[in-house]
Every structure is written in C-alpha cells, then in structure tokens.
2 protein chains.
Amino acid sequence: MRETVDVMSNRPATDQPPARWLNEQEQATWRAFRHAMTLLEDHLDRQLQRDAGMPHLYYGLLVELSEAPRRRMRMTELARSAKITRSRLSHAIARLEKNGWVRREDCPSDKRGQLAVLTEEGYRMLSESAPGHVAAVRAAVFDLLTPEETRQFGEICGKLATALQPTGADLPWLR
Amino acid sequence: MRETVDVMSNRPATDQPPARWLNEQEQATWRAFRHAMTLLEDHLDRQLQRDAGMPHLYYGLLVELSEAPRRRMRMTELARSAKITRSRLSHAIARLEKNGWVRREDCPSDKRGQLAVLTEEGYRMLSESAPGHVAAVRAAVFDLLTPEETRQFGEICGKLATALQPTGADLPWLR
DNA sequence: CTCTAATACTTGAACTCTAAAACATCCACC
DNA sequence: GGTGGATGTTTTAGAGTTCAAGTATTAGAG
C-alpha cells in the first residue's frame with residue numbers, strides 16, 4: 001500500500017527481513033477495494049435499516065434460514081455459513097427474536113444445541129423487503145458490471161474467501 | 001441472489017413491477033463478495049487489534065494523516081477520504097487522541113474547523129506496525145492473485161466505489 | 001449590516017460487535 | 001459408569017457505530 005511506503009520511507013532499522021511492499025497496481029487495488037467495501041456495506045446497511053428495520057447482516061441471517069430445510073438451522077452451522085462468530089450470532093438472534101422474526105427451539109438430538117427458526121412473520125417480512133433489497137444490490141453492483149466482469153469478480157472474491165476459511169487450527173467463527 | 005429467489009418463490013402478488021432477480025452467476029458472485037468482505041475485514045481487524053491495538057479503520061486514519069502535508073488534515077476532508085461519517089470520525093479521533101497518536105488543533109482559517117494531527121508517537125507506532133500489516137494484506141490478498149487479476153479486481157472495485165460516491169444530494173459521510 | 005440558512009464539528013443514547021469467561025452437555029477412555 | 005477434555009451456546013463488559021440533536025461559525029441575501 002502506498003501509505004505504508006511513505007510511512008516507512010525512513011523506517012528504523014530492524015533485524016527483520018526486508019518487507020515486501022505493495023507495488024503501484026496493488027496499492028491502487030487495495031485502496032479501491034477498501035473504499036468499495038466501506039461504501040457498499042454502509043449503503044446496504046442504510047437501505048435495509050430504512051426498509052426492513054435491521055442491518056445487512058441480520059437480513060442475511062434471515063435469508064439463510066429461509067433457504068434451510070424447515071427454515072431452521074443449528075446455531076453453529078448458521079454462524080459458519082454466515083462467517084461470523086457464535087457470540088455475534090447469539091446477539092443477533094436475540095435481537096431478531098425480540099422482533100418476532102426468529103424463534104429458538106431446543107435441538108432434539110443434542111441437549112446443548114439450539115435451533116434458530118424463521119417464523120411466519122419473519123418469512124413475510126423477508127418476502128416484503130426482498131425486492132427492494134435486490135434492486136438496491138443490482139443498482140449498486142451488477143448494473144455496473146459486464147457479465148464477464150461479474151464472473152471475474154466472483155472468481156477473485158471466491159479465492160480470497162476460500163483462503164481465509166480457517167483450516168481447522170484457527171476457527172474464528174467458533175470462538 | 002439465490003436466497004431471494006427462493007424466498008420469493010411464492011411471494012404475494014403486489015402492484016409493483018416485477019423485480020429483476022439475480023441470475024446464477026450474479027448470485028454466486030454476490031455471495032463470494034459478501035464472504036470475502038466479512039472474512040477479510042474480520043481478519044485484518046484482528047491482526048491490527050493484536051499488533052497495533054486498534055481496529056482496521058483507525059489504522060487507515062493514521063495512514064491517511066501520515067501521507068497528508070504536515071501530517072494534518074481537516075476533519076471533514078479526512079472523513080471524506082476515509083469514506084466515513086463525520087460523527088464516526090469524531091469518535092475515532094477522540095479515541096486516537098486518548099492514545100496519544102493524534103492531537104487536535106484549531107484551524108487557523110476557519111474557527112469552526114479542527115485539524116487532526118498525527119503525533120510523533122503516532123508516526124512511530126505506524127512505522128512499527130506497518131510491515132506486519134502489509135505482510136498480512138499481502139498474504140490474504142495479493143499473494144493469491146495474478147497481476148492480471150489484481151488489475152481486474154482494482155478496476156471493478158473502482159467502478160463500485162465511484163458509483164457510490166454521493167453526487168451532492170446525498171452525502172453520507174457528512175452527516 | 002443583519003438575518004437566515006448552510007457548514008463544521010461534537011455529543012449522547014441506543015444499538016452492535018468483540019473477547020473472554022461461564023455454563024451445560026457430550027464423548028472417549030479408563 | 002466416572003472423569004476430563006471437547007463442543008455448543010450464552011453472558012458480561014467494554015469498545016465501536018449510528019442517528020438525531022446540539023453548539024459554533026461562516027456566508028449569502030436583502
């Protein structure tokens with residue numbers, strides 16, 4: 001990143017191997033990615049907060065549940081597929097439960113387990129807000145990209161996401 | 001997005017124009033992007049929290065300041081370049097000030113204005129943590145991409161970021 | 001020159017997120 | 001069939017974020 005090159009132009013000597021800085025192209029890409037990430041997340045959070053009364057993440061959890069068999073999922077599995085920690089999920093589900101969109105059920109096969117279940121009301125809410133959200137995503141992303149760019153973008157993001165999937169040693173979403 | 005197609009497979013009739021859903025490719029791309037975004041942000045937040053004692057965003061603010069003339073910037077300009085609201089910036093600078101990495105100064109030309117100034121201590125801190133952070137970014141992103149992919153990725157993210165830049169009517173980061 | 005609207009920034013309260021610790025249950029092994 | 005470690009989930013406390021409202025200063029219209 002450009003920033004760190006500047007920052008480090010007169011860095012103190014260390015016994016570390018010389019760091020490999022980012023080249024111009026990488027700097028520009030990194031900057032663009034961070035900006036896109038910040039702006040998009042902010043934009044969609046605002047859209048959903050306004051139209052559905054919840055942040056982007058929470059909406060994604062309801063969607064995930066809506067696609068699961070019997071519209072229910074074990075907490076840990078839901079956390080894994082949403083790529084978040086179990087703690088974060090606990091808080092989120094607690095809030096969604098207060099809204100009446102999700103309900104918790106004991107897992108029949110494992111007494112430690114909990115199932116998050118999408119309620120009818122939650123399903124209805126999702127049905128009503130989905131078109132608006134898809135439109136927002138389309139307007140902010142896919143209307144701007146050619147099919148080829150969409151493919152490339154997906155491939156690249158897929159690589160990044162896959163590489164960050166913990167391999168068993170370090171399991172962020174299980175913390 | 002696949003999710004919403006499922007969700008909406010039996011959606012109630014409305015008088016809205018039929019929504020344009022995402023096709024398979026778009027669904028896959030959107031999912032991959034969201035996952036990459038979540039995992040990366042989480043990963044880097046953790047890396048910086050551990051090695052520099054602050055979240056990713058705060059680190060970015062210090063970097064931005066370090067590159068500015070005289071290592072100082074007006075609050076609004078800093079908010080704009082970091083793509084965040086002024087309120088968020090205010091809180092962030094307050095925290096960084098407590099750490100002694102940033103100091104506020106009155107703007108000489110506009111009595112309403114404040115300058116955020118990177119302190120010597122802040123600069124030193126940045127110098128020490130930059131190599132580790134660059135290494136983390138490289139390992140998580142650029143080591144996985146070919147130069148051509150890096151270029152494509154940057155171009156695509158640039159398009160998304162540019163399109164979300166408010167045009168004057170709606171100015172998120174000025175709220 | 002003065003009034004009003006716009007701009008610059010901060011604050012407080014409500015909400016969300018993180019990290020660590022707590023609690024309960026399960027499982028494998030003795 | 002006990003026991004210790006692993007697993008599943010929640011809780012607590014503290015940090016970060018948002019939104020709306022508040023203060024101060026500038027600028028533009030008359």
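Residues numbered from 1 in each chain as written. Chains lettered and ligands numbered in written order. Predicted model: local features only at pLDDT ≥ 70, side-chain atom pairs only at ≥ 80, totals over all residues.

What chain A contains, in helices and strands, is seven helices and three strands. For chain A, the N- to C-terminal ordering of α and β elements is α-α-α-β-α-α-β-β-α-α. Within chain A, the proportion of its 175 residues that are buried is 37%. (Helix = DSSP H or I, 4+ residues; strand = E, 2+ residues; numbered from the N terminus. Buried ≥ 20, exposed ≤ 12 C-beta atoms within 10 Å, placed from the backbone.)

Moving on to the protein's contact with DNA strand C. Surrounding DNA strand C, one finds 27 residues, the nearest of these being K111(A), M75(B), T76(B), S87(B) and S90(B). Among the secondary structure elements, those contributing two or more residues to the surface near DNA strand C are α5 (86-98) of chain A together with α2 (24-52), α4 (75-82) and α5 (86-98) of chain B. Each residue belonging to the surface near DNA strand C can be placed in one class, and the counts come to six nonpolar, 10 polar and 11 charged. (Near = placed C-beta within 6 Å. Nonpolar A, V, L, I, M, F, W, Y, C, P; charged D, E, K, R; others polar.)

Because each turn of an α-helix spans 3.6 residues, side chains separated by three or four positions in sequence point in the same direction. Between its first and last C-alpha atoms helix α7 (residues 147-164) of chain B spans 26 Å; for 18 residues at 1.5 Å apiece the expected length is 26 Å, and the two agree. Three or more residues of α7(B) are buried, namely T150(B), F153(B), G154(B), I156(B), C157(B), L160(B) and A161(B). On the buried face of α7(B), the contacting elements are α2 (24-52) and α7 (147-164) of chain A. (Expected span 1.5 Å × (residues − 1). Contact = placed C-beta atoms within 7 Å.)

Let us now look at the sheet that holds strand β3 (residues 114-118) of chain B. Residue and element names in this part refer to chain B. On the basis of which strands lie adjacent, the open sheet formed by three strands has the order β1-β3-β2 and antiparallel pairing. At either margin of the open sheet sits one strand with a lone partner, and together these are β1 (72-74) and β2 (102-106). Each neighbouring strand pair of the sheet contributes to a mean axis angle of 30°, computed without reference to strand direction. Sheet analysis places β1 next to β3, joined by three bridges and oriented antiparallel. Considered in β3, the bridge of R74 is made with L115. This element, helix α3 (residues 56-67), spans β1, β2 and β3 of the sheet and lies at about 95° to β3. Its contacts with the sheet put α5 on β2 and β3, and the angle it makes with β2 is roughly 115°. (Pairing = 2+ DSSP bridges. Axes fitted to C-alpha atoms, helices over the stretch in contact; angles between N-to-C directions.)

Contacts between the two partners involve 62 residues from chain A and, on the opposite side, 62 residues from chain B. At the level of secondary structure, the elements contributing two or more residues to the side of chain A that touches chain B comprise α1 (2-7), α2, α3 (56-67), α6 (120-140) and α7 of chain A. Here the side of chain A that touches chain B gets 16 residues from one element, more than from any other, and that element is α2(A). Looking at the side of chain A that touches chain B residue by residue, the classes come out as 36 nonpolar, 13 polar and 13 charged.

This brings us to the sheet that holds strand β1 (residues 72-74) of chain A. Residue and element names in this part refer to chain A. Spatial ordering of the open sheet is given by β1-β3-β2, a layout of three strands whose pairing is antiparallel. Pairing within the sheet leaves two strands with one partner each, and these edge strands are β1 and β2 (102-106). Across the sheet, the mean angle from the axis of one strand to that of its neighbour is 30°, orientation sign disregarded. Two elements, β2 and strand β3 (residues 114-118), share five bridges in a ladder whose sense is antiparallel. Bridge pairing in β3 places E105 opposite L115. This element, helix α4 (residues 75-82), spans β1 and β3 of the sheet and lies at about 95° to β1. Sitting on the sheet, α5 touches β2 and β3, and the angle it makes with β2 is about 115°.

What follows is about the relation of the copies chain A and chain B. The two copies are related by a screw motion: chain A maps onto chain B through a turn of 180° and a shift of 0.0 Å along the axis, at an RMSD of 0.0 Å. Between the two chains, the operation in question is that of a two-fold axis. Of the residues that chain A buries at the interface, 100% are likewise interface residues in chain B, meaning the two copies contact each other through the same surface. (Least-squares fit on C-alpha atoms with pLDDT ≥ 70 in both.)

Bringing the protein's contact with DNA strand D into the picture now. Neighbouring DNA strand D are 28 residues, the closest being M75(A), T76(A), S87(A), G113(A) and K111(B). Put simply, the parts of the chain that give the surface near DNA strand D at least two residues each are α2, α4 and α5 of chain A together with α5 of chain B. Taken together, the residues that form the surface near DNA strand D break down as seven nonpolar, 10 polar and 11 charged.

Attention shifts here to α2(A). Helix length check: α2(A) (29 residues) gives 41 Å between terminal C-alpha atoms against 42 Å at 1.5 Å per residue, within 8%. Following α2(A) by one or two positions, G53(A) adopts a phi angle in the positive range, close to 70°.

Now for the confidence of the model for chain A. Residues at a pLDDT of 70 or more form 83% of chain A, whose mean pLDDT is 89. Every residue in residues 1-6 of chain A is under pLDDT 50, and counting partners more than four places away or in other chains gives 16 contacts. (pLDDT = per-residue confidence, 0-100.)

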